[in-house]
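Examining the three-dimensional arrangement
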Amino acid sequence: MANKFPYIGRGNQRLIHLTTPAAYNVDNGAGTTVDYQLGNFPFDCYLMDVRAIYSEATDTTGAASANFKLGVAAGGATLVAATALEASKAIGATTTATIAVDYLPANTTLWVRHTGVASTEVGQYFVHVLLLPKP
Amino acid sequence: MNYLAFRDIHKGETALLVGNGTNLSLTPPFLFNYPAFGMNTIHKHEGWKPKYYTGVDNRLMREFGKDIAEKYKDIYKFIPSGLRDWKGENFVIFNHLAKDLQDGWKPETLKDGITYHNVMHVAMQLAYWMGFTTLLMIGVHHKPDDGQSHFWGKDAGMPNQVPIMDWINGYKTLVSGMKERGVTVLNISERTYLAEDVIPRGKWKDWI
């Protein structure tokens, strides 16, 4: 089969973009968790960037009691520790997470966990991840 | 009236920005004779009305929106586009920009919308947009771990722990940015917990 895309990706073209399949609702319940698996690749990767992207604005207080984390098992936090969401975020604003471990061996499954708050706190977000296949 | 139409309509004037802190009773807003911005639950202050109003939280709209719209139906109320379902008269909608004040204040983007961490940040930038050159703040309390306390009592729907560092950094950014552009900001609240190096203080008696 002929190569449909006969070029070699360079720079940012090499990055793999992963996004949670649905928006997380900040106030889905105090301590209530929602897990999504983001992907599994048969080659080694580097974790380049992890961030929340708000699809519904948050109020000026309250959202920080909810958080997200990234690991290699459901509920894991080895890659990104629990990262608090932020108040006063507009639609399209982001919260960038600190990456603790950036190397992913082949066949590693990535998991995102959201932990919510109980009160009627407005706000929704996706988690977006950038991976670089090991050259 | 469109948000853009308010540009410089108070050029060179002094504005009063009225917060909801428990210390508001020490400097009641009726003592001052300046165009005033009220915010959040200031509608609970009896016997006085601001010239303008702003509120930015969805929870505020849900829990107090009807009362505010009714009591302040004759004044302009500035709200972000996310609250456009707030029913009533004289609402003026602005865009909530997906930026961060910690990356610096860019007043040239005010024509596109407002970036903020709390409602006082919004009032400050609205006043700047309208051309005020002196901003006096009262009812700014910011007692640590006491976010629920207001001049009218406890607001149980709010957390006591507010993102105070975001608020403080936002104040610093706005105060210095406005100072560079010839606008003076003074916190003339009594018994405020906000340090003078965040917002310079003034004596309220000098302004009545």
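Analysis parameters
- Residues numbered from 1 in each chain as written.
- Chains lettered and ligands numbered in written order.
- Predicted model: local features only at pLDDT ≥ 70, side-chain atom pairs only at ≥ 80, totals over all residues.
- Helix = DSSP H or I, 4+ residues; strand = E, 2+ residues; numbered from the N terminus.
- Buried ≥ 20, exposed ≤ 12 C-beta atoms within 10 Å, placed from the backbone.
- Contact = placed C-beta atoms within 7 Å.
- Nonpolar A, V, L, I, M, F, W, Y, C, P; charged D, E, K, R; others polar.
- Pairing = 2+ DSSP bridges.
- Axes fitted to C-alpha atoms, helices over the stretch in contact; angles between N-to-C directions.
- Core = buried A, V, L, I, M, F, W, Y, C linked by C-beta atoms within 7 Å.
- pLDDT = per-residue confidence, 0-100.

Some remarks on the overall build of chain A
Summing up its helical and strand segments, chain A has zero helices and 10 strands in all. Along chain A, from the amino end to the carboxyl end, the secondary structure elements read β-β-β-β-β-β-β-β-β-β. For chain A, the C-alpha atoms occupy an extent of roughly 55 × 25 × 25 Å along the three principal directions. Scored against the burial criterion, the 135 residues of chain A give a buried share of 39%. In chain A, the share of contacts with a sequence separation of at least 24, taken over all contacts with a separation of at least 6, comes to 79%.

As for the interface of chain A and chain B
Each partner contributes residues to the interface: chain A has 14 residues there, and chain B has 18 residues. Residue composition of the side of chain A that touches chain B, grouped by class: seven nonpolar, six polar and one charged.

Some details on the sheet that holds strand β6 (residues 134-138) of chain B
Strand pairing within a sheet occurs via backbone hydrogen bonds; the two strands may be parallel or antiparallel. Residue and element names in this part refer to chain B. Strand order in the open sheet formed by seven strands is β5-β4-β3-β2-β1-β6-β9, with parallel pairing between adjacent strands. Where the open sheet ends on each side, the last strands, each with one partner, are β5 (91-94) and β9 (184-187). Taking each pair of neighbouring strands and ignoring which way they run, the sheet shows an average axis angle of 25 degrees. Contacts from helix α2 (residues 119-130) reach β1 (14-18), β2 (36-39), β3 (52-54), β4 (76-80), β6 and β9, with the element oriented near 155 degrees to β2.

What to know about the nonpolar core
If you look at the biggest cluster of nonpolar residues, it comprises 52 residues, and the most contacted ones within it are B:L17, B:F37, B:A123, B:A127 and B:L135. The element that contributes the greatest number of residues to this core is α2(B), accounting for nine residues. Grouped together as the second largest cluster of nonpolar side chains are 30 residues, A:A63, A:A87, A:L110 and A:V112 included.

A look at the confidence of the model for chain B
Here chain B averages 96 in pLDDT, while 100% of its residues score no lower than 70. Reported confidence for the predicted complex is 0.90 by ipTM and 0.92 by pTM.

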